[in-house]
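# Architecture at a glance
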Amino acid sequence: MTAYPPERVWDKNKRGRTKQCVRFMEQSARRNAQAGKTVAKVVKFGGSSLASAEQFKKAGEIIRADETRIYVVPSAPGKRYKNDAKVTDMLYACYALAESGSDFRKELAEIRSRYQEIIDGLELTLSLEEEFAVIEKNFREKTGSNYAASRGEYLNGIIMAEYLGFAFIDAAGVIFFHEDGTLDEEKTDVVLAARLAESGPSVIPGFYGSMPDGSVRTFSRGGSDITGSIVARAAKVDVYENWTDVSGFLVADPRVIENPAGIDVITYKELRELSYMGAGVLHEDSIFPVRQQGIPINIRNTNAPEDNGTWIVGSTCQKSKYVITGIAGKRGFCSINVEKDMMNAEIGFGRKVLQAFEENGISFEHVPSGIDTLTVFVHQDEFMHKEQKVVAGIHRLANPDSIEIESDLALIAVVGRGMKSTRGTAGRIFSALAHANVNVRMIDQGSSEQNIIIGVANDDFAAAIKAIYDIFVVTRL
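Keep in mind that what you see is a predicted model, and the values were worked out from it rather than measured.

A word on the overall build of the protein chain. Of regular secondary structure, the protein chain possesses 15 helices and 15 strands. By residue count, 52% of the 477 residues in the protein chain fall in the buried class. A separation of at least 24 residues holds for 76% of the contacts in the protein chain among residues at least 6 apart in sequence. Here the protein chain displays about 21,900 Å² of accessible surface, and carbon together with sulfur accounts for 48% of that area.

Below, the structure is given as structure tokens:
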């Protein structure tokens, strides 16, 4: 049985509620009573925003600047400088030593030092010795990598709660997973909503929850974004603010385009398209909980809080600054082109082709087709080791005339709600690519007319994005 430390109890008449927090609550109550409704925000801070005491202080100033920011979701400390280590990575490495039976005390001491540096920098009297004793015990008992990774957020949550004078709520007691590892949304909403209502201003660590047996379960990396979204839905807040180290989403990847324009407003649908094709900033699964409640997400920059950032909304009448909202893409695809005369008249032909991929555990990205051809785009690293099995499966199931495979391709998504109301968008894209000497290997436009997917060679990836960005953002021809 896993031994967990008792949840810290915060007495609002003692150390758990500072005078500042009491004034905060009183002011908030008066304002809400005058307005006739409850106004609240969830604020989530990423690892870079909480990597040091200096960054903690910035987050504290942001929270205290707005009395409606009453629910805080912290990540584990990230990198303090370029070659620094993230605490989550340190925890994984430390636990790997413990799991192999090696001595991990030195590595655990380094993690303890990272947190003590933050505590000292904030001039807190807080001690985490009890927590680290429990962590060491559970590491020796090989509790699991999920438990190990979650301690980064857990410990940062304790520090943040002490620093702000907010209540601390262990996510393991309010966020629940099913046996199969999927989120138990119904139980989580009920328990979390009740707990938030009774606790007032609170800190809920990101990234993890608990399984039916009480063991810790984490989301995928970047899952603190999901926790923030879950808390926002349960509390039915007005806004979910996600604070990171960039001022929102950009029209294109800054590694490809120098100083790309920012995106002021983006819809959930547009964000899904861009996130899937590689645009980072926000974990794509964090969209669903708030989308169901119509809660907007505001991406903000901890280091530049005066910037408005990017607003993510369900729908909007606001026109985007450009015809397109954003450009994103990924390298490393291959195409499998299947030809068969009269394919279009053969019922079930597409299903038979795709069955060969399913049997080999390979998911497809896009399947553009013609009268006698069908092309399947897949991730090259997933396909290359199973290609002959897939080819044999297609021959066996669909009896094609020929199969051709092309590798080293990239897919680029051009996304924008303004595209469907603007004539000649596709023509401008292909004209720009032609002028840049980029050969287009595939074209696929979604039925919503909000995105166009273009396939090009890996080597043409950057040139293609630059050409599209130039025609819609720089020159606006």
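Picking up after the structure, the text goes on.
This part covers the pattern of salt bridges. Taken as a whole and judged by the stated rule, the model has 23 salt bridges. Here Lys41 ties to Asp66 by a salt bridge, and the two come within 2.7 Å at their closest N and O atoms. Separated by 25 residues along the polypeptide, Lys41 in strand E1 (residues 41-45) and Asp66 in the loop between helix H2 (53-64) and strand E2 (69-74) bring together distant segments of the chain. A residue is classified by how much of its surface remains accessible, and Lys41, at 17% relative accessible area, is buried. With its nearest N and O atoms 3.4 Å apart, the salt bridge here joins Lys41 to Glu241. Remark: Glu241 occurs in strand E7 (residues 239-244) and Lys41 occurs in strand E1; sequence separation between them is 200 residues. When sorted by exposure, Lys41 lands in the same class as Glu241, which is buried.

Here we take up the packing of helix H4 (residues 105-121) against helix H6 (residues 145-164). Two numbers describe how H4 lies on H6: the axes approach to 11 Å, and their chain directions differ by 15 degrees. Taken together, the axes of H4 and H6 lie roughly parallel to each other. Once H4 is placed against H6, the crossing between them reads as right-handed. Contacts from Tyr115, Ile118 and Ile119 in H4 reach Arg151, Gly152, Leu155, Asn156 and Ile159 in H6. By residue class, the composition of the contact of H4 with H6 is five nonpolar, two polar and one charged.

So, about the confidence of the model for the protein chain. Overall, the predicted model of the protein chain reaches an average pLDDT of 88, with 90% of residues at or above 70. By mean pLDDT, the top-scoring element of the protein chain is strand E4 (residues 202-203) (98), and the lowest-scoring one is helix H1 (residues 19-35) (45). This stretch, residues 1-26, has a pLDDT under 50; its non-local contacts, to residues over four places away or in other chains, come to 60 contacts. Counting interchain partners and residues more than four positions distant, the pLDDT-below-50 stretch residues 32-36 has three contacts.

A few words now on unusual backbone geometry. Located in the positive-phi region is Lys142, a residue other than glycine, with phi close to 55 degrees. In this structure, Lys236 takes a positive phi of about 50 degrees despite not being glycine. Mapped onto the secondary structure, Lys236 falls in the loop between helix H8 (224-235) and E7.

With respect to the helices and strands, the residue Ser150 is situated in helix H6. Given a relative accessible area of 0%, Ser150 falls into the buried group. The residues touching Ser150, leaving out its near neighbours within four places in the chain, are Phe207, Tyr208, Val216 and Thr218.

Okay, the packing of helix H7 (residues 185-199) against H8 next. Look at H7 against H8: their axes get within 8 Å of each other, and the N-to-C directions meet at 70 degrees. In terms of orientation, H7 lies roughly perpendicular with respect to H8. The handedness of the crossing between H7 and H8 comes out as right-handed. Each of Glu185, Thr188, Asp189, Leu192, Ala193 and Leu196 in H7 lies in contact with H8, whose residues at this interface are Ile230, Val231, Arg233, Ala234 and Ala235.

Glancing now at the sheet that holds strand E13 (residues 402-415). Reading across the sheet, the five strands line up as E12-E11-E13-E15-E14 and stay open at both edges, with antiparallel pairing between neighbours. Of all strands in the sheet, those bounded by a partner on one side alone are strand E12 (373-379) and strand E14 (442-445). Pairwise comparison of adjacent strand axes, ignoring direction, gives a mean angle of 35 degrees for this sheet. For strand E11 (residues 326-339) and E12, the ladder comprises seven bridges, and the chain directions are antiparallel. Looking at the pairing, Phe333 lines up with His379 of E12. Taken strand by strand, helix H9 (residues 268-276) contacts E11, E13 and strand E15 (451-457), and its axis lies near 65 degrees from that of E11.

Calculation criteria
Residues numbered from 1 in each chain as written. Predicted model: local features only at pLDDT ≥ 70, side-chain atom pairs only at ≥ 80, totals over all residues. Heavy atoms only, no water. Helix = DSSP H or I, 4+ residues; strand = E, 2+ residues; numbered from the N terminus. Buried < 20%, exposed > 50% of the residue type's maximum accessible area, 1.4 Å probe, protein only. Contact = heavy atoms within 4.5 Å. Areas by Shrake-Rupley, 256 points an atom, 1.4 Å probe, with all protein chains shown as cover. Salt bridge = Lys/Arg side-chain N within 4 Å of Asp/Glu carboxyl O. Axes fitted to C-alpha atoms, helices over the stretch in contact; angles between N-to-C directions. Parallel < 35°, antiparallel > 145°, perpendicular 65-115°, else oblique. Left-handed = near helix turned anticlockwise from the far one by under 90°. Nonpolar A, V, L, I, M, F, W, Y, C, P; charged D, E, K, R; others polar. pLDDT = per-residue confidence, 0-100. Pairing = 2+ DSSP bridges.

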